[in-house]
Amino acid sequence: MDDLSDGEAGNDRDPVTSREQDAVRILLLIDGAAEPLPAPVADDASLAGAVGVVESQVRLQKLDFWVRNPDFLADELLNDFEESRERRLLDLAGQILDSEEPEVRRYPMLRHHFGAYEPLDDALAVLRYAGLVVRRRRGTLDRTWRHDYYLLERGREVARTVVAEAPPFRYYVERIELVLDLADGRGGNELKERQYLQTEYATAERGTRIGSISARARDRLERLRSESDSTGREDIVV
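Positions within a chain are numbered from 1, following the residues in the order the chain's sequence is written. Two thresholds apply to this predicted model, a pLDDT of at least 70 for residue-level local features and 80 or more for giving and counting side-chain atom pairs, whereas whole-chain, interface and lining totals are computed over all residues. To obtain the side-chain values, all non-hydrogen atoms of the structure were used and water was disregarded.

Colleague: A description of the pairing of strand 2 (residues 50-55) should follow, citing residues and the corresponding values.
Modeller: Note that strand 1 (residues 35-36) and strand 2 share two bridges and pair antiparallel. For proline 36, the partnering residue across the bridge sits in strand 2 and is glycine 52. Pairing between strands is defined by DSSP: at least two bridges between the two strands are required. A run of H or I in DSSP becomes a helix once it reaches four residues, and a run of E becomes a strand once it reaches two; helices and strands are each numbered from the N terminus.

Colleague: Please provide a residue-by-residue account of the layout of surface pockets, values included.
Modeller: Empty space within the largest pocket amounts to approximately 380 Å³. Lining the largest pocket are 16 residues, with Gln57, Val58, Phe114, Trp145 and Arg146 positioned closest to its centre. Nonpolar residues are Ala, Val, Leu, Ile, Met, Phe, Trp, Tyr, Cys and Pro. Charged residues are Asp, Glu, Lys and Arg, and all others, Gly as well, are polar. The class makeup of the residues in the lining of the largest pocket is five nonpolar, eight polar and three charged. Lining residues are defined by having an atom within 4 Å of a point belonging to a cavity or pocket. Those points lie on a 1 Å grid over the protein atoms alone, cavities being sets where a 1.4 Å probe fits but cannot get out and pockets being open sets with protein on both sides within 12 Å along at least five of seven lines. Grid points are joined across faces, edges and corners, and a volume is the space filled by probe spheres set on the points. By volume, the second largest pocket is sized at about 250 Å³. For the second largest pocket, the lining is made up of 17 residues, of which Thr17, Asp22, Arg68, Glu118 and Pro119 are closest to its centre. With three residues, the top contributor of residues to the lining of the second largest pocket is helix 1 (residues 19-33). When grouped by side-chain class, the residues that make up the lining of the second largest pocket number seven nonpolar, one polar and nine charged.

Colleague: Any details on the side chain of aspartate 71? Residues and values, ideally.
Modeller: Note on placement: aspartate 71 falls in helix 3 (residues 70-84). Contacts are residue-level and defined by heavy atoms, with any inter-residue pair within 4.5 Å sufficient. Here aspartate 71 is in contact with Pro102, Arg106, Ser212, Ile213, Ser214 and Ala217, once residues within four sequence places are set aside.

Colleague: Any details on the nonpolar core? Residues and values, ideally.
Modeller: Put simply, buried Ala, Val, Leu, Ile, Met, Phe, Trp, Tyr and Cys residues joined by side-chain atoms within 4.5 Å make one nonpolar core. Each residue's exposure class comes from its accessible area (1.4 Å probe, protein chains only) as a fraction of the maximum for that residue type: buried when under 20%, exposed when over 50%, partly exposed otherwise. Counting 60 residues, the largest nonpolar core has Leu28 and Trp66 as the members making the most contacts within it. In terms of nonpolar packing, the next biggest core, distinct from the first, is built from seven residues, Val41, Ala50, Val53 and Tyr150 among them.

Colleague: Outline the sheet that holds strand 2, supporting the account with residue identities and numerical values.
Modeller: Judged by pairing direction, the sheet is antiparallel, and its four strands sit side by side in the order 1-2-6-5 without closing on themselves. Strands with a single pairing partner mark the edges of an open sheet, and in this sheet they are strand 1 and strand 5 (133-140). Sheet analysis places strand 5 next to strand 6 (residues 143-152), joined by eight bridges and oriented antiparallel. Pairing of arginine 135 across the sheet is with tyrosine 149, part of strand 6. Seen against the sheet, helix 6 (residues 121-129) touches strand 5 and strand 6 and runs at an angle of roughly 120° to strand 5. Whenever a helix is involved, its axis is fitted only over the stretch in contact; in every case the axis is a line through C-alpha atoms, and angles between N-to-C directions fall within 0 to 180 degrees.

Colleague: Describe the pairing of strand 6, naming the residues involved and giving the relevant values.
Modeller: Of the pairings in the sheet, the one linking strand 2 to strand 6 comprises five bridges and is antiparallel in character. Looking across to strand 6, one finds that glycine 52 is bridged to leucine 151.

Colleague: Explain the packing of aromatic side chains to me, and be specific about the residues and the numbers.
Modeller: Aromatic pairing here means that ring centres of Phe, Tyr or Trp (its six-membered ring) are within 6.5 Å. Orientation follows from the plane angle: under 30 degrees is stacked, over 60 is edge-to-face, and everything else is tilted. In this structure the tally under the stated criterion is five aromatic pairs. Among the aromatic residues, those joined into a cluster by ring pairs are Phe65, Phe72, Tyr196 and Tyr201. Sitting above the plane of the tyrosine 171 ring, arginine 105 keeps its charged end 4.2 Å from the centroid. Only Lys NZ and Arg CZ are tested; either one counts as a charge over a ring when it is within 6 Å of the ring centre and within 35 degrees of the ring normal.

Colleague: Give me the pattern of salt bridges: which residues, what numbers.
Modeller: Here the idea is simple: oppositely charged side chains can pair when their charged atoms come close. Salt bridge, as used here, is a side-chain nitrogen of Lys or Arg placed within 4 Å of a carboxyl oxygen of Asp or Glu. By the definition in use, this model includes 28 salt bridges. Glutamate 55 is the salt-bridge partner of arginine 146, the closest N and O atoms lying 3.9 Å from each other. Of this pair, arginine 146 sits in strand 6 while glutamate 55 sits in strand 2, and the two are 91 residues apart along the sequence. With a relative accessible area of 33%, arginine 146 lands in the partly exposed category. With a shortest N-O distance of 3.8 Å, arginine 170 and glutamate 174 are connected by a salt bridge. Highlighted residues: arginine 170 and glutamate 174, both in helix 8 (residues 170-183), separated by four residues, approximately one helical turn. On the basis of relative accessibility, which here comes to 39%, the residue glutamate 174 falls in the partly exposed class. Taken together, the shared-partner salt bridges in this structure form one network comprising Asp75, Glu82, Glu200, Arg216 and Arg220.

If you want it as structure tokens, here you go:
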């Protein structure tokens, strides 16, 4: 299985992932984010083994953006910390920004018409061929409303096996849990609106990679830590 750190810090070009890495990450993301089905899907034999669904490519892409960009994830944790004053959020952001994670784990995405985007066809082809995930188009004959991503029972089993047999992939499970906690059940459009509040995200030229905000996020982290220390931590919720 491929090493997770193919994109080294300090490279002049943006790090890239292999199709296999993308497939594993997307499988783990769908496994974590899939909502349980209220009842078995009766009108589609290929979904007989489905155990959950992620509704809309927009939601999948926006969740994946935070997984692929730890600097943006950490900055959003700082946003939530400033609102709630919950110490745990400051500490989680610090765990990311005090390390090299924003450099060695960052895989930038394209700025698309609808925000962060990366083609998923190759990764999904791997998952579909292996009988792990099924994608279903929703809409009319001449218009697609959205794509839904169904996790099959076999997909859930493989997701668990991958993490057990290749512990480095546990990193993705932990980050996906953090991303889902941050998303707090919001749909794709709500996540898109939140991500557009980041200036670097919103002003990136369409068709280019969204740049890093690690330097700004680290400066902000230090400022918030100093402010917390200077106030004697009375306003911090432990």
